[in-house]
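Structural overview
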Amino acid sequence: MFYREAGQFKASYAADQQIFPIRQDRIAYYTLLAVAFAAVPMVANEYWMATILIPFLVMSIASLGLNILTGYAGQLSLGTGGFMATGAFAAYKLSTWDIGATFGLAEPMHLHMVFVFLGAGVITAAVGVLFGMPSLRIKGFYLAVATLAAQFFLLWLFNKVPWFTNYSTSGVISAPPRELFPGVVITGPMAHPVTKYLFLLSLVVLLALGAKNIMRCHLGRAWMAIRDMDIAAEIIGIRPMRTKLAAFALSSFYCGIAGAAWAFLYTGSVEPLAFSIEVSFKVLFMIIIGGLGSIMGSFLGAAFITLLPVLLTNGPRLLGLNIPVDIISHLEFMIFGALIIFFLIVEPHGLARLWQIAKEKLRLWPFPY
Amino acid sequence: MRLSKFTKASVYTMVAAALTVGVLAGGEARAEDGQYVPGMVYRTGPYAPGGIPWADGYADYFTLLNERDGGIGGVKILYDECDSAYNNDKGVECYEKMKGQGPTGASAFQPLSTGISYAILDRVRADKIPLITSGLGRADASVGSVFPYVFTLPVTYWAGADAIVQYIGQQEKGALKGKKIALVYHDSAYGKEPIKTLEALAAKEGFELSLFPVPHPGLEQKATWLKIGRQLRPDYVIMWGWGVMNATALKEAAAVGFPMDHFIGVWWSGSEVDMNAAGAVAKGFKAAQFILPGNSFGVYKDLKTKVFDAGKAKGEAAEHGTVIYNRGLGAALLTAEGIKVAQDKFGKKPLTGEQIQWGVEHINLSPERLEQIGFSGMINPVKLSCNDHEGGGSVIITQWDGKEWQPASDWIMPRREGFLRPMYEESAMAYAKEKGITPRDCSKE
């Protein structure tokens, strides 16, 4: 009744090709943006901002990244944690780099945070291309094993070489305090969660928009062709090496930014252990549960995996039940596991597909045939 | 059929959404008058065997204070736990959740994890809440002028490393030159802490140091110990382990025939849990401690009548008097003493973190005070000041006789003046520079 596109005519190619061709979707999208940018910072308290929304947004970037590689280009990867670590350490090195001293200036000068994040992404993209090389010969689960090498090698490297941590004795890096605009601190302990959240949200919106559009242009189509049948794709003129490596580069770019954001905007300090193999699996589960090959799915999956455990640990308390913390933790694991199985049985193609079915039903509602 | 599944899924989604709204609405403090003490503990995860007795000891001491004295200075202690699972992200989440609770916010945090203390190190400065890292955490945080809100009493890892080397020196009649010492460590922020000190000591005393990192969680050490036992054959092995890593190391050391009495662990490697898991092979293993195990100390008299016999203990009776349970008691004592000292200055009412910071900074656990609160003999005296947040605690080496820990040395005073202290200062100043912190002037306070 409400969700019906009857009567919405497209008069130009631009109108026909837009991301949300249905008006209701557009309205929903802009409302969501307005809520996220304006309402949430006003309503949510610091705890919500700093420990629930920020990690959710960071993990959304990471799962966007992996979804590009695995969901769209069909290259299974378990190196996400390693790439995120690369992003974090690259951002650390870039942000603590005293340009003034390098170029013989009197004043110490530091890279602006925006360039730090971009630089971390670009460096990670280069590393990703390097570790994407085997994908030209290896496919499927075997590739997953090859990307494991990235995971373990990169973490080992950051643990082993003290240069990466600026010779810190403990191997922990922490974000130096930096400003986004003069007077607006964005990293370090003095940064307000709202500033961090808004910066991160802008980053997420830009990256998601970028990803969505790349998926709709020739590159995205080439990736999907490779994913669906690489030999056929090769025959119609898609160059596998360039296409696959581009997927690795872009995916790692996203993961690198996610890693930098994790270290700089969320925890404030990390050791390589924070990006262990568990993170790689977590991001992989996010895109599997959210929906492979779907931008929306990346967000749904990230929300499911990061928000649900927080909800489950805090749930019993809010209902007024005084359950010991260890039992809550164990309950969390059990309920969480059960929910994953439940959702995958109900919809093996992920939450994004569930959303799509819901939309189809809505179109016919209230008169399904 | 499709529809019904879909409907079911929607119902579940709605339930989840309703819960979300619930969380949004909640998360605020319960309105009860008293001093809120957060317990950042881990009762789950791979390090739970060590986390549980500590958490029980920490909780039981506050139960004792509430039951016996009606809190501290008549102000009831509101103790609450959050499970961090020894996971840094969860620890940060716990911290953010707990820091604003209670009438005056959190009193002091003790995360029992070097990783988590690193993660919240900067945050406590911004939030003005003391962070007590008793026998763990960042050693250079002993410099109170740079780290006003971080306390390392009674000893740091660097002090522990120095004490262990001093002990080895005593065993070798001072002749450390040319000896080979290996460090087997948990490859994380925690395990890496002593390296710098041991390297400095190696240069100073002339022994040869070899490093053996063990990846988390530490179940795979065969290659490490083959190299130690068959190839390097060091005179002593020092271990910085935690959790399952400890028992695994003991078993592997026994498998390559390394003599146990030349194998010395830091305090986190020397608990009954690890020894019992390793079994008979652990006999003779040594560990440094800063709080002695045992249940004959004064505080246990009241604990028995007011807490254990009243059925108010958190854990099982078997853990009372063990190394880590006692360390939990000791840790709780430090928080409680900080609150008490702060109350003496600011009045007997719920205090803020900033006021308790003053209290912790002026802790003076003199022999008389320790006797009075029943901790005499369990912990050595400490006295803090504005610039010294470590307080001059000492370390004792104990040995596992197959059933319990026996003291194997006297209390050893780490060489702070002229050795550790300049190292702390240097490292802390580098931190201050990187973070743009202006150290406060302690001569004026």
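Definitions and cut-offs
Residues numbered from 1 in each chain as written. Chains lettered and ligands numbered in written order. Predicted model: local features only at pLDDT ≥ 70, side-chain atom pairs only at ≥ 80, totals over all residues. Heavy atoms only, no water. UniProt positions renumbered as here; feature names shortened; annotations may be inferred. Helix = DSSP H or I, 4+ residues; strand = E, 2+ residues; numbered from the N terminus. Pairing = 2+ DSSP bridges. Axes fitted to C-alpha atoms, helices over the stretch in contact; angles between N-to-C directions. Contact = heavy atoms within 4.5 Å. Buried area = accessible area lost by both parts, 1.4 Å probe. Salt bridge = Lys/Arg side-chain N within 4 Å of Asp/Glu carboxyl O. Buried < 20%, exposed > 50% of the residue type's maximum accessible area, 1.4 Å probe, protein only. Right-handed = clockwise from strand over helix to strand, strands pointing away.

Turning next to the UniProt feature "domain: Leucine-binding protein" (unreviewed entry) in chain B. Within this numbering scheme, the UniProt entry marks residues 40–402 of chain B as carrying the feature "domain: Leucine-binding protein" (unreviewed entry). Span residues 40–402 of chain B is 43% helix and 13% strand, its end C-alpha atoms 32 Å apart.

All names here are of chain B. Taken in spatial order, the seven strands make up an open sheet running β6-β5-β7-β8-β9-β12-β13, and their pairing is mixed. Only two strands of the sheet have a single partner each, and these edge strands are β6 (208–214) and β13 (405–412). Strand-to-strand twist in this sheet, taken as the mean axis angle between neighbours without regard to direction, amounts to 25°. Sheet analysis places strand β7 (residues 236–240) next to strand β8 (residues 263–265), joined by three bridges and oriented parallel. For Val-237, the partnering residue across the bridge sits in β8 and is Phe-263.

In this section: the interface of chain B and chain A. Each partner contributes residues to the interface: chain B has 47 residues there, and chain A has 43 residues. Counting each side, the surface lost to burial between chain B and chain A is near 4300 Å², with a carbon and sulfur contribution of 60%. Across the chain B-chain A interface, the total number found is two salt bridges. The residue B:Lys99 makes a salt bridge to A:Glu46 at a minimum N-O spacing of 2.9 Å.

All names here are of chain B. In terms of burial, β7 is a largely internal element, five of the five residues being buried. Burial of the side chains of β7 extends over both faces: Tyr-236, Ile-238 and Trp-240 are buried on one face and Val-237 and Met-239 on the other. Sheet analysis places strand β5 (residues 180–186) next to β7, joined by five bridges and oriented parallel. Within β7, the position partnered with Ala-182 by the bridge is Val-237. Taking the sense of rotation as the criterion, the β-α-β connection linking β7, helix α9 (residues 244–255) and β8 turns out right-handed.

Our focus in this paragraph is the pairing of strand β2 (residues 77–83) of chain B. Residues and elements named next belong to chain B. Counting buried positions along β2 gives six out of seven residues, so the element sits mostly inside the fold. Across seven bridges, strand β1 (residues 35–41) lies against β2 in parallel orientation. Among the inter-strand pairings, Met-40 is bridged to a residue of β2, identified as Cys-82. Crossover connection from β1 via helix α2 (residues 48–69) to parallel β2: handedness right-handed.

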